[in-house]
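Fold and geometry: a report
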Amino acid sequence: MQYRRLGNTGLKVSEISLGSWLTYGGYVEEQKAMSSIDKAYELGINFFDTANVYMRGEAEKVVGKALSKYDRSSYVLATKVFGKMGDGPNDEGLSRKHIMEQCHASLKRLGTDYIDIYYCHRYHKETPLEETLRALDDLVRQGKVLYVGVSEWTPEQITEAVHLADKKLLDRIVVNQPNYSMLQRYIEKEMIPVSEKHGIGQVVFSPLAQGVLTGKYKKGEAAPEGSRAAQENLGDLYGVLNDKNLDKVENLKQIAEKESLTLSQLAIAWILRKPNVASALVGASRPEQLEENVKASGVKLSEDTLQQIEEILAD
């Protein structure tokens with residue numbers, strides 16, 4: 001396993017990290033989830049990601065329980081705040097009240113004294129940005145949070161937050177968590193340049209495009225039983241599962257074979273070609289999936305291979 005600095009910080013995270021969205025705390029039984037986390041740790045993954053809103057706190061409990069056997073200083077733990085956690089008017093968003101209450105609730109569910117990275121899961125237009133940043137700054141000063149991040153914010157929102165933090169001498173955003181894969185490349189045009197300018201690293205989710213880049217979905221065939229596309233309300237995997245993309249996948253398989261890689265390994269190695277990407281966040285319902293994915297760490301793709309991939313993706 002190779003490790004990279006997170007943005008302009010001194011924190012080093014594994015190039016492959018383990019997430020818990022759509023997996024732990026609900027869709028995957030607890031023992032399999034625990035086994036996957038144990039396998040990740042054994043393989044050198046030191047970066048684990050969850051969120052309060054994943055199964056309304058149940059994912060945090062599973063992650064916290066699995067990691068409790070390990071030295072707290074040996075891994076980096078991230079969770080998030082924003083999503084709806086109750087039926088009250090203050091049970092969601094980025095108000096000071098919600099951030100403080102949910103941070104304490106997450107700490108309790110995770111069974112730890114501090115969170116390494118605390119993300120604002122979305123941008124909240126109803127809360128003044130300064131209120132959000134001051135609440136996060138207070139958590140950092142209290143030692144309950146070490147680093148602050150955002151997820152699915154726009155480049156403009158991130159820029160505004162950086163400038164406001166500098167002006168008010170508040171703790172800065174150091175990490176962004178966007179959707180990024182061969183089939184979802186919107187961050188390349190503006191997000192990465194803005195992030196590089198301000199010392200912000202990327203920890204990308206869905207690097208395998210919800211499993212489409214594993215090659216398990218076939219054109220004209222029903223989704224395999226137990227796969228995400230077979231789950232209710234996830235049929236097209238947020239628009240990424242379509243015939244055009246499946247044609248690209250078939251062509252990408254040939255590149256992977258030439259490189260003696262699986263399609264998943266090729267897809268992750270392609271993401272890690274960007275130095276601004278600190279880590280690719282994968283999900284795993286079985287330990288053996290991680291054994292395959294971690295082999296992408298350290299893989300360097302040649303310029304010729306990258307050009308061939310670009311031609312396929314641009315088609």
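Check the entry above for the structure.
The model shown is predicted, which means the values in this text are computed figures rather than measured ones. (Residues numbered from 1 in each chain as written. Predicted model: local features only at pLDDT ≥ 70, side-chain atom pairs only at ≥ 80, totals over all residues. Heavy atoms only, no water.)

Moving on: empty space enclosed by the protein. This structure, assessed with the given rule, holds one cavity of 30 Å³ or more. For the largest cavity, the calculated volume is near 40 Å³. Looking at the lining of the largest cavity residue by residue, the class counts come to four nonpolar, three polar and no charged. (1 Å grid on protein atoms, 1.4 Å probe; cavity = no way out; pocket = protein on both sides within 12 Å on 5 of 7 lines; lining within 4 Å. Points joined across faces, edges and corners; volume = space filled by probe spheres on them. Nonpolar A, V, L, I, M, F, W, Y, C, P; charged D, E, K, R; others polar.)

Its location among the elements puts Leu252 in helix H7 (residues 243–258). When the C-alpha positions of Leu252 and Glu92 are compared, they lie 41 Å apart, and in sequence the two are 160 residues distant. Leu252 has contacts with Met182, Leu213, Leu263, Leu266, Ile309, Ile312 and Leu313, leaving out every residue within four places of it along the chain. (Helix = DSSP H or I, 4+ residues; strand = E, 2+ residues; numbered from the N terminus. Contact = heavy atoms within 4.5 Å.)

Two residues of an α-helix separated by three or four positions point the same way, owing to the 3.6 residues in each turn. Taking 1.5 Å as the rise per residue, helix H4 (residues 129–141) with 13 residues should run 18 Å; its terminal C-alpha atoms sit 18 Å apart, in good agreement. When we look at burial in H4, the residues that qualify are Leu129, Thr132, Leu133, Ala135, Leu136, Asp137, Leu139 and Val140. Residues of H4 that are buried make contact with helix H3 (96–110), strand E6 (115–120), strand E7 (145–151) and helix H5 (155–168). Downstream of H4 by a residue or two, Gly143 has a phi angle that is positive, lying close to 80°. (Expected span 1.5 Å × (residues − 1). Buried < 20%, exposed > 50% of the residue type's maximum accessible area, 1.4 Å probe, protein only.)

What follows deals with the packing of aromatic side chains. In the structure shown here, the tally under the stated rule is four aromatic pairs. With 3.8 Å between their ring centres and 15° between their planes, Tyr41 and Tyr70 make a pair best called stacked. Residue Tyr41 is found in helix H1 (residues 30–42), and its partner Tyr70 is found in the loop between helix H2 (58–67) and strand E5 (76–81); the two are separated by 29 residues along the sequence. Taking relative accessible area as the criterion, Tyr41 reaches 25% and is therefore assigned partly exposed. Centroid distance Tyr123 to Trp153: 4.9 Å. Interplanar angle 85°. Geometry classified as edge-to-face. Here the residue Tyr123 occupies a position in the loop between E6 and H4, and Trp153 occupies one in the loop between E7 and H5, the gap between them amounting to 30 residues. Of note, Arg72 hangs over the ring of Tyr114, and the distance from its end group to the ring centre comes to 4.0 Å. Sitting over the ring of Trp270, Arg273 keeps its end group 3.8 Å from the ring centre. (Phe/Tyr/Trp six-rings, centres within 6.5 Å; stacked < 30°, edge-to-face > 60°. Lys NZ or Arg CZ within 6 Å of the ring centre and 35° of its normal.)

With that out of the way, let us pick up unusual backbone geometry. Notably, Arg56 is not glycine yet its phi reads approximately 50°, a positive angle. Looking at the secondary structure, you find Arg56 in the loop between strand E4 (47–49) and H2. Positive phi, normally seen in glycine, also occurs at Phe82, with a value near 155°. Summarising the element assignment, Phe82 is placed in the loop between E5 and H3. With a relative accessible area of 18%, Phe82 lands in the buried category.

A separate point is the packing of H1 against H2. When two helices pack together, their arrangement is given by the angle between their axes and by how far apart the axes lie. The interhelical angle for the contact between H1 and H2, taken along N-to-C directions, is 50°, at an axis separation of 9 Å. Our classification of the angle between H1 and H2 gives oblique. Where H1 crosses over H2, the handedness of that crossing is right-handed. Contacts from Glu30, Ala33, Met34, Ile37 and Asp38 of H1 reach H2 at Val62, Val63, Lys65, Ala66 and Leu67. A breakdown of the residues in the contact of H1 with H2 according to their chemical character gives seven nonpolar, no polar and three charged. (Axes fitted to C-alpha atoms, helices over the stretch in contact; angles between N-to-C directions. Parallel < 35°, antiparallel > 145°, perpendicular 65-115°, else oblique. Left-handed = near helix turned anticlockwise from the far one by under 90°.)

These values are about where atoms sit, not about what they do.
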